[in-house]
Amino acid sequence: MGFANGFTTTSQRKQPLFSFGVISDVQYADIPDGRSFLGVPRFYRHSILVLQRAVQNWNKHQKHKFVMNFGDIVDGFCPKDQSLNAVQKVVHEFEKFNGPVYHMIGNHCLYNLPRDQLLPLLKIPSNNGCAYYDFSPTPEYRFVVLDAYDISAIGWPQDHPKTLEALKILSEKNPNVDKNSPTGLLGLERRFLMFNGAVGKEQLEWLDGILQDATSLNQNVVVCSHLPLDPRSSSKEALLWNYDEVLDIIHRYNCVKVCLAGHDHKGGNSVDSHGIYHRVFEAALECPPGKDAFGYIDAYDDNRLTLIGSDRMRSADMCFNPPTGL
């Protein structure tokens, strides 16, 4: 296992304020290996071994304050009579980490279990079934975890207003019978697929309030979402439906420094028009036997986050401007 990809930086000679582990798209299932709809190999049983090695490495470092899982811990092909056990099995592996683990939900999670079962298992604080929250590991930083499937055709009861709103969006934006097909959709319209979702009005208002508060406290904010927010960091088919609305709110403030996401398995990165670094993590699911995709991030006091990745997860130095108050 080639940890750090040969990545070196002057940051590594300094002591970070704190460090945290990262992994995304484990998508475990006790089924034979397969392929994505694009033909990319997927290693369903091996992915939990990637997670096990990740936890071992995080614990070995003895410095990580917490771990963040960016969603999709089990795969949609998992037999539904095994869904609960599969989720519990993966959660059990995360719980071997010597510290808190913060989860976010992805589409594959919701294919397996409804929200009312899933959120308690992942220990996600819930408000009327929604899965967005924030926390501050140190006074200098705040992490904002978005619920990217707040408005979604999966996970909510079929007659739920959020389901109906999502189905209305899909009917207007995607004329295909198969709403997971982007056939005929052009450009950024290709994001309007059933396996994606949107941030709802109440969550947008909550986000605005959190960022206003973080600005008043001179905090650096890291926004986390299963679905990517910047078209340049991701394929168009993987984007949050209303990424533009979310970015409009983020760009009102100077406190957001980095946006982290999963979902687009190949990974990606970009710096947007406001200087915010976007990083999409490579999927654990697509690691062949003996390979890995996980890492950890060091947060420094000189306005940078440094991702140290293993094997398929590429390392990155994410630099930003210091926070400015109101």
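For the structure given in this document, a descriptive report is provided here. (Residues numbered from 1 in each chain as written. Predicted model: local features only at pLDDT ≥ 70, side-chain atom pairs only at ≥ 80, totals over all residues. Heavy atoms only, no water.)

Concerning the overall build of the chain
Regarding its fold elements, the chain presents seven helices and 14 strands. The globule rule puts the C-alpha radius of gyration for 326 residues at 20 Å, and the 19 Å found for the chain is close to it. The C-alpha extent of the chain, read off along each of the three principal axes, is 55 × 45 × 35 Å. Per-residue burial over the chain gives 59% buried out of 326 residues. (Helix = DSSP H or I, 4+ residues; strand = E, 2+ residues; numbered from the N terminus. Rg over C-alpha atoms; globule rule 2.2 N^0.38 Å. Buried < 20%, exposed > 50% of the residue type's maximum accessible area, 1.4 Å probe, protein only.)

Re unusual backbone geometry
Positioned with a positive phi, Gln62 is a non-glycine residue whose angle comes to about 55°. Tracing the backbone through its elements, the reader meets Gln62 in the loop between helix H1 (47-61) and strand E4 (64-69). Phi is positive for Asp311, close to 50°, though the residue is something other than glycine. Looking at the element boundaries, Asp311 is found in the loop between strand E13 (304-309) and strand E14 (316-319).

Observations concerning the pairing of E4
Burial of E4 is extensive: five of the six residues sit out of reach of the surface. Both strand E1 (residues 18-23) and E4 contribute to a ladder of five bridges, which runs parallel. Following the sheet pairing, Phe20 is matched in E4 by Phe66. Bridge analysis of E4 against strand E5 (residues 101-103) gives three bridges, and the strand direction is parallel. Bridge pairing links Asn69 to His103 in E5. Following the backbone out of E4, through helix H2 (residues 83-94) and into the adjacent parallel E5, one traces a crossover that is right-handed. (Pairing = 2+ DSSP bridges. Right-handed = clockwise from strand over helix to strand, strands pointing away.)

Examining the pattern of salt bridges
Scanning all chains against the criterion turns up 22 salt bridges. Residues Glu172 and Lys168 are paired through a salt bridge, measuring 2.6 Å at the closest nitrogen-oxygen approach. Taken together, the residues span about one helical turn, with Glu172 and Lys168 both in helix H5 (residues 161-173) at a distance of four residues. Across the pair, exposure class does not vary: Glu172 and Lys168 are exposed alike. In this structure, Lys201 engages Glu205 in a salt bridge whose closest nitrogen and oxygen atoms are separated by 2.6 Å. One end of the pair is Lys201 and the other is Glu205, both in helix H6 (residues 201-216) and four residues apart, which spans about a single turn. Lys201 gets classed as exposed once you look at its relative accessible area, which sits at 63%. Taken together, the shared-partner salt bridges connect Lys14, Asp301, Asp302, Arg304 and Asp317 into one network. (Salt bridge = Lys/Arg side-chain N within 4 Å of Asp/Glu carboxyl O.)

Concerning the sheet that holds E13
Hydrogen bonds between backbone atoms are what pair the strands of a sheet, whose relative direction is either parallel or antiparallel. The six strands are arranged E5-E4-E1-E12-E13-E14 in an open sheet whose pairing can be described as mixed. Of all strands in the sheet, those bounded by a partner on one side alone are E5 and E14. Each neighbouring strand pair of the sheet contributes to a mean axis angle of 20°, computed without reference to strand direction. Contacts from H1 reach E1, E4 and strand E12 (295-300), with the element oriented near 175° to E1. (Axes fitted to C-alpha atoms, helices over the stretch in contact; angles between N-to-C directions. Contact = heavy atoms within 4.5 Å.)

Examining the packing of H1 against H2
When two helices pack together, their arrangement is given by the angle between the helix axes and the distance between those axes. Running from N to C, H1 and H2 cross one another at 20°; their axes reach a closest spacing of 9 Å. Our classification of the angle between H1 and H2 gives roughly parallel. Here Ile48, Leu51, Gln52 and Val55 of H1 lie close against H2, whose contacting residues are Lys89, Val90, Glu93 and Phe94. The class makeup of the residues in the contact of H1 with H2 is five nonpolar, one polar and two charged. (Parallel < 35°, antiparallel > 145°, perpendicular 65-115°, else oblique. Nonpolar A, V, L, I, M, F, W, Y, C, P; charged D, E, K, R; others polar.)

Comments concerning the side chain of Gln219
Tracing the sequence through the fold places Gln219 in the loop between H6 and strand E8 (220-225). A polar contact of 3.5 Å, which involves the side chain of Gln219, links it to the side chain of Ser136. (Polar contact = N/O pair within 3.5 Å; in protein donor to acceptor, adjacent residues only side chain to side chain.)

Comments concerning the packing of aromatic side chains
Applying the stated criterion across every chain, the model contains 17 aromatic pairs. Three or more aromatic residues joined by ring pairs make a cluster, and in this case those are Phe18, Phe20, Phe66, Tyr102, Tyr133, Phe135, Tyr141 and Phe143. (Phe/Tyr/Trp six-rings, centres within 6.5 Å; stacked < 30°, edge-to-face > 60°.)

Let's talk about the side chain of Gln27
Considering the arrangement of structural elements, one finds Gln27 in the loop between E1 and strand E2 (34-35). There is a polar contact of 2.9 Å between the side chain of Gln27 and the side chain of His265. Apart from the residues lying within four places of it in its own chain, the contact partners of Gln27 are Arg42, Tyr44, Ser47, Asp72, Ile73, Val74, Asp75, His108, His265 and Leu285.

Some words on the sheet that holds strand E7 (residues 141-145)
Pairing is mixed in the open sheet, where six strands are placed in the order E6-E7-E8-E9-E11-E10. Of all strands in the sheet, those with a lone pairing partner are strand E6 (133-138) and strand E10 (268-271), marking the two edges. If you compare each strand with its neighbour and ignore which way they point, the axes differ by 15° on average. Pairing of E8 with strand E9 (residues 256-261) involves five bridges; the strand directions are parallel. The residue of E9 that forms the bridge with Cys224 is Leu260.

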